[in-house]
Amino acid sequence: MQSLTLIQAITDGMRTMLKERDEVLVLGEDVGKNGGVFRATEGLQEEFGESRVIDTPLSEAGIIGSSIGMAMNGLLPIAEIQFMGFIYPAYEQIMTHATRMRYRTLGAYTVPLVIRAPYGAGVRAPEIHSDSTEALFTHMPGIKVVCPSTPYDAKGLLISAIEDPDPVLFMESLRLYRSVRGEVPDGKYKVEIGKGVKRKEGDDITLIGWGAMMPVLEKAAIEAEKKLISCEIIDLRTLYPIDKDIIAESVQKTGRCVIVHEAHATGGLGNDIISIINDTSFLYMKAPIQRVTGADVHVPFFALEDHYLPTPHRVMEAIEKAIYF
Amino acid sequence: MGYENDFPMQQIVDKDGYFVREDYKNKITRDLVLTFYRHLIRVRAFDRKAKNLQRQGRIGTYAMFEGQEAAQVGSAMALKENDWMFPTYRDHAASITFGHSLPTIFAFWKGRVEGGVPPKGKQIVPPSVPIATQLPLAAGAAMAEKYKGTSNAVICYFGDGATSEGDFHEGMNFASVFKAPVVFFNQNNSYAISVPIEKQMNSKTIAQKSVAYAMPGIRIDGNDIFIVYFETLNALERARNGHGPTLIEAVTWRYGAHTTADDPTKYRNQEESEKRREFDPITRLEKFMKNYGYWDEEWVEQETKLIDEEINQAVVDMESMPNPNVSDLFDHIFAEPTWTIKEQKDAYLTHLRGEA
Ligand SMILES: Cc1ncc(C[n+]2csc(CCOP(=O)(O)OP(=O)(O)O)c2C)c(N)n1
Ligand SMILES: [Mg+2]
């Protein structure tokens, strides 16, 4: 056990798997000598050499396309996209090859690929460095999407992603990289993909979020307690496939729900969660489900980013709306 | 294999400030030399101020261009009033020289969307942040000028790393196929963040990439403002006359970090980097001015003082901008906001008023 930040846990997960399996490679822009622009791959090239921790040319389509080829041919690449906002040149490779190869060959070729991408706003980064476009990927058939909020989950989910037989997009909250710390076991362990976790027990309302929104939910829950509203908090952790049982069980108890994400409202994952509740728990609900999300506008230049991101205050308003419906 | 031999580096003035191309002597006027100098010291002062503002927390992350001034100033000076410029996040020396406002550029790095607004009457596109994406746009803007039958041209800036992206090749090919009046101006500073050019590509020059697109290409000393200016002028002239695009590789160097968020000591020896000041574009022009009788101490002092005042005033202007307008979040997504945006805006403003 050691106490690690989220980013250190991610590094530790990569190191563990680089040690464990020769097929594992790390590649991306600035991941080698520089150790990554966030230092996520710090020390890995020194430890495992340039043939396993690879500085690539500046090309997202090249990074992901070549990783797909490697994955089809027996390797287990972990490809880093420097910021989620720069993943778009690789979109075609992901959509038309990574996600489809198994289907097109009835399983003769598969793509056990992990794509790591730091995402999200709130750190005063230059424009386009703050996107949170998970829904573009959860909409794709054939790729799993995970987004940890704790160091323990980060390492465990990363290892699961590396050993998963299919492509996994691993979203890393750059806001949480160094702001959360926690106990992380040494060596290999897994957190199951597809399973959410209850962060707090409560009776009156269910708050659902993931990644950088978890501290926002926790603060809102503390505010709510002051008004004698007891919140249950669910950290989804996996965005596709969503853990529908944990959602159903919780909202069937509380009858109320607030979903929070920093991505835009329209086409956002909140809508899929609402449909899960609709399908599983319609008759249990005592109030319309509330969403607190980014608006249907670009993640702004940072001078206004605090007006874009969900805040505990906005979550609190949504909680009260549901409670006093 | 060795296409690089077809692209030797061109110079007009060497690092000691002497003509290596005597044939240019009669093309150079006092006015041109002084204008070069004034722009160079102005943009360097701007860059250093921006770096300091970042250190003091008065702006956010900033991408320094110190060392690359001649490449940017010389190329921008070759433009005509109605030409288009597509800069990157590191090309403020170019956009300032072309007439961008200093407070606007500071504002860009202060996280203000106003930082993307072009000056009135000037076609300066907001700095491209996603690498190489501006090349196809520049090709298209040039195709539009051609379609409209103007003699306007387009200049498009990008780095050595950008040549690895598909958009670089697609933009080059479109411009070539459609004979678009665009100059692709590459600043080869040998690094893409931490990745040195030898790991970025196996070709020895960037200029040779022009061969694949059957367009003229040239490799120049990007710290020699004379060659930068005259070769950009040539390329623009060809573009205006219907002869299509050109690829210019300006070989240069950034002394400092990639941005204020980068630590270059992770990937290179910064003492070695400082030694590159031997080839500094401004020092070179100073030497040239002294060698050929253009140097006037009093004029330099006076200009330096005026520039300092201008830049200090720009900081004041940036810092006295009205607070960011929350409505800007919602009001510029479409010509007419959709119902979702209208509802979201109403809800948010209600929340801000504490009425939710
Ligand atoms: C599509 C995309 N991928 C990654 C990045 C992150 N990034 C910003 S600058 C940079 C290096 C660019 O190098 P180069 O083109 O040589 O320009 P320079 O910074 O040297 O001016 C990278 C990888 C980005 N901005 N856009
Ligand atoms: Mg470069």
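Chain B appears in an unreviewed UniProt entry as Pyruvate dehydrogenase E1 component subunit alpha from Ureibacillus xyleni. Under the Catalytic activity (unreviewed entry) heading, UniProt states for chain B: "N(6)-[(R)-lipoyl]-L-lysyl-[protein] + pyruvate + H(+) = N(6)-[(R)-S(8)-acetyldihydrolipoyl]-L-lysyl-[protein] + CO2".

An unreviewed UniProt entry annotates chain A as Pyruvate dehydrogenase E1 component beta subunit of Ureibacillus xyleni. UniProt's Cofactor (unreviewed entry) comment on chain A is quoted here verbatim: "thiamine diphosphate".

Novice: Requested: an account of the interface of chain B and chain A, with residues and values cited.
Specialist: Reports often express the size of an interface as the amount of accessible area lost when the parts come together. At the junction of the two partners, chain B supplies 40 residues and chain A supplies 37 residues. Around 3200 Å² of area is buried between chain B and chain A when both sides are counted, 63% of it from carbon and sulfur atoms. Contact with chain A buries surface across chain B, with Lys199, Lys266 and Leu329 of chain B losing the most and accounting together for 18% of the total. Between Lys266 of chain B and Glu42 of chain A there is a salt bridge, with the nearest N and O atoms lying 2.8 Å from each other. Where chain B meets chain A, there are 9 residue pairs in polar contact (both at pLDDT 80 or more). Secondary structure elements with two or more residues in the side of chain B that touches chain A: helix H4 (102-109), helix H7 (197-200), helix H12 (328-331) and helix H13 (339-352) of chain B. Here the side of chain B that touches chain A gets 6 residues from one element, more than from any other, and that element is H13 of chain B. Residues that form the side of chain B that touches chain A fall into these classes: 21 nonpolar, 11 polar and 8 charged.

Novice: Give me the lowdown on the coordination of the magnesium ion (ligand 2), citing residues and values where you can.
Specialist: Residue and element names in this part refer to chain B. Asp160 (OD), Asn189 (OD1) and Tyr191 (O) make up the full set of protein donors to the magnesium ion (ligand 2), lying at 2.1 to 2.2 Å. Of note, the donors binding the magnesium ion (ligand 2) are all from one chain and are spaced D-x28-N-x1-Y. Of this pair, Asp160 sits in the loop between strand S3 (154-159) and helix H6 (166-177) while Asn189 sits in the loop between strand S4 (182-188) and strand S5 (191-192); the two residues are 29 residues apart in sequence, bridging distant segments of the chain.

Novice: Before we move on, could you go through the sheet that holds strand S7 (residues 168-173) of chain A and cite the residues and values that matter?
Specialist: Residue and element names in this part refer to chain A. Taken in spatial order, the 7 strands make up an open sheet running S3-S2-S4-S5-S7-S6-S12, and their pairing is mixed. With one partner strand each, in any of the chains shown, strand S3 (53-55) and strand S12 (238-240) form the two edges of the open sheet. Within the sheet, the average angular offset between the axes of one strand and its neighbour, ignoring direction, is 20°. Relative to S7, strand S6 (residues 144-146) is paired through 3 bridges, and the arrangement is parallel. From the neighbouring strand, Val145 faces S7, where its bridge partner is Leu169. Against the sheet, helix H1 (residues 6-20) engages strand S2 (24-28), S3, strand S4 (76-80), strand S5 (114-119) and S7, with an angle of about 135° to S2.

Novice: Describe the UniProt feature "domain: Dehydrogenase E1 component" (unreviewed entry) in chain B, naming the residues involved and giving the relevant values.
Specialist: As recorded in UniProt, the sites labelled "domain: Dehydrogenase E1 component" (unreviewed entry) are residues 41-326 of chain B. What you have in residues 41-326 of chain B is 44% helix and 12% strand, and the ends, taken at the C-alpha atoms, are 37 Å apart.

Procedures and definitions
Residues numbered from 1 in each chain as written. Chains lettered and ligands numbered in written order. Predicted model: local features only at pLDDT ≥ 70, side-chain atom pairs only at ≥ 80, totals over all residues. Heavy atoms only, no water. UniProt positions renumbered as here; feature names shortened; annotations may be inferred. Contact = heavy atoms within 4.5 Å. Buried area = accessible area lost by both parts, 1.4 Å probe. Salt bridge = Lys/Arg side-chain N within 4 Å of Asp/Glu carboxyl O. Polar contact = N/O pair within 3.5 Å; in protein donor to acceptor, adjacent residues only side chain to side chain. Helix = DSSP H or I, 4+ residues; strand = E, 2+ residues; numbered from the N terminus. Nonpolar A, V, L, I, M, F, W, Y, C, P; charged D, E, K, R; others polar. Donors = N, O, S within 2.8 Å, 3.2 Å for Na, K, Ca; no water. Pairing = 2+ DSSP bridges. Axes fitted to C-alpha atoms, helices over the stretch in contact; angles between N-to-C directions.

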